[in-house]
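# A look at the structure
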Amino acid sequence: NVRKNIAAYVDDVLNLASTGSPPKPEVLEGFMRQRADDGITLTSLLHAYRVGVPILWQAFADLAQGNEKHKDALIAATPALFAVMDAYSRHAHAVYREIEIRDARRNEQIRATMLDTVLAEDSSAGAVFWDAVTALGLPRIGQFIVIAAVNAEGHPNHDPDIEALVAAHAGVEEAWFRL
């Protein structure tokens, strides 16, 4: 599968570099999402581009050795080759960032639901309550404090920086902001 992906990438890069046209966003989007679904990190993907394109360029330079026409063609194609790498890298960053934001929102919703379960103080809910306690990293025996933050007008304060302020105190192990 790796060889197939590399061959498809090289083919795409060569086609794009030869035509001078930018990669199609919808194609890149699917490609990047597949890489993310395969578990490839953004760092690994960008590293592969940074390493792969120069290796590809060097292979072409080796082939062009001793042939002025091929050298001139390689020199002319070099900006397009690196522009394709740049386009892939920028699009990968955008897609991975979108996935990261989506996952963070989903995780925040899950955490908020678990926190609501714990704050309902109904340990008789059984496994649901104790699963939430475990997932949130709360001790089964101990204390926790709920702070209701309000602004000067007495309205709830919806500033998520409160979580960071509370968590910064030495005696606080965990802090969660909840609207």
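Analysis parameters
- What you see as residue numbers is a count from 1 along each chain, following the sequence as written.
- Restriction of local features to residues with pLDDT of at least 70 applies here, the model being predicted, together with a cutoff of 80 or more for giving and counting side-chain atom pairs; totals for whole chains, interfaces and linings are based on all residues.
- For side-chain calculations, the full set of non-hydrogen atoms in the structure is used, while hydrogens and water are omitted.
- Here a helix means four or more residues in a row that DSSP labels H or I, a strand means two or more in a row labelled E, and each is numbered from the N terminus.
- Computation of the radius of gyration draws on C-alpha atoms alone. For the globule rule, the value is 2.2 Å times the number of residues to the power 0.38.
- Only protein chains enter the accessibility calculation, which uses a 1.4 Å probe; a residue whose area is less than 20% of its type maximum is buried, one above 50% is exposed, and one in between is partly exposed.
- The contact criterion used is simple: two residues touch if any of their non-hydrogen atoms lie within 4.5 Å.
- Residues scored as positive are Lys and Arg, those scored as negative are Asp and Glu, and His as well as the terminal groups of each chain are ignored.
- Where a charge lies is defined by one atom per residue type, namely NZ (Lys), CZ (Arg), CG (Asp) and CD (Glu).
- Stacked, edge-to-face and tilted are the three classes for Phe, Tyr and Trp ring pairs, Trp counted by its six-membered ring, which pair at centre distances within 6.5 Å; planes under 30 degrees apart are stacked, over 60 edge-to-face, the rest tilted.
- A helix's residues, less one, multiplied by 1.5 Å, set its expected span.
- Fitted lines through C-alpha atoms serve as axes, helices being fitted only where they are in contact, and the angles separating the N-to-C directions of these axes extend from 0 to 180 degrees.
- Any angle from 65 to 115 degrees is called roughly perpendicular, while one under 35 is roughly parallel, one over 145 is roughly antiparallel, and all others are oblique.
- We call a crossing left-handed when the near helix sits turned anticlockwise from the far one by less than a right angle, and right-handed when that turn is clockwise.
- Every residue carries a pLDDT, the predictor's confidence in it, which falls somewhere between 0 and 100.
- Here, a salt bridge means any Lys or Arg side-chain nitrogen found within 4 Å of an Asp or Glu carboxyl oxygen.

Here the focus is the overall build of the chain. Scanning the chain from terminus to terminus reveals 6 helices and 0 strands. Its helices and strands taken in sequence order, the chain reads α-α-α-α-α-α from the N to the C terminus. The C-alpha atoms of the chain give a radius of gyration of 26 Å, which is well past the 16 Å a tight globule of 179 residues would have. Across its three principal directions, the C-alpha atoms of the chain cover 80 × 40 × 30 Å. Relative to its full complement of 179 residues, the chain shows a buried share of 23%. In the chain, the share of contacts with a sequence separation of at least 24, taken over all contacts with a separation of at least 6, comes to 58%. Side chains of the chain give 16 positive and 24 negative charges; the mean places of these two sets differ by 9 Å.

Among the secondary structure elements, V146 is positioned in the loop between α5 (127-136) and α6 (161-167). In this structure, the C-alpha to C-alpha distance between V146 and L119, residues 27 residues apart in sequence, is 8.5 Å.

A separate point is the packing of aromatic side chains. Using the criterion set out here, one finds 3 aromatic pairs in the structure. Ring centres of Y49 and Y88 lie 5.6 Å apart, and the angle between their planes is 80°; this geometry places the pair in the edge-to-face category. Taken together, the residues Y49 in helix α3 (residues 42-64) and Y88 in helix α4 (residues 68-119) connect sequence positions 39 residues apart. Just as Y49 is buried, Y88 falls in that class too. Ring centres of F129 and W130 lie 4.9 Å apart, and the angle between their planes is 90°; this geometry places the pair in the edge-to-face category. Accessibility expressed as a relative area gives 9% for F129, which makes it buried. An aromatic cluster of three or more residues is present, and its members are F31, Y49 and Y88.

Time to look at helix α2 (residues 25-37). In this model, α2 (13 residues) spans 18 Å end to end at C-alpha, consistent with the 18 Å of a helix rising 1.5 Å per residue. G39 lies just past α2 and shows a positive phi near 90°.

This part covers the packing of helix α1 (residues 2-19) against α4. Axis separation between α1 and α4 bottoms out at 8 Å; the angle between their running directions is 125°. Classified by the angle their axes make, α1 and α4 are oblique. Handedness of the crossing formed by α1 with α4: right-handed. For the pair formed by α1 and α4, the contact residues are Y9, D12, V13, L16 and A17 on the first element and A80, L81, V84 and Y88 on the second.

This part takes up the confidence of the model for the chain. Looking at the chain, pLDDT values average 81 and 91% of them are 70 or higher. Looking across the chain, the model is least confident in α6, with a mean pLDDT of 76, and most confident in α3, with 89.

What follows concerns the pattern of salt bridges. Counting across every chain of the model gives 9 salt bridges. For R35, the salt bridge goes to D38, with nearest N and O atoms at 3.6 Å. By relative accessible area, which is 41% here, D38 ends up partly exposed. In this structure, E100 and R97 form a salt bridge, with 2.3 Å as the shortest nitrogen-oxygen distance. Of this pair, E100 and R97 both sit in helix α4, 3 residues apart, roughly one helical turn. Given a relative accessible area of 46%, E100 falls into the partly exposed group. What you see here is one network of salt bridges that share partners, running through E29, R33 and E98.

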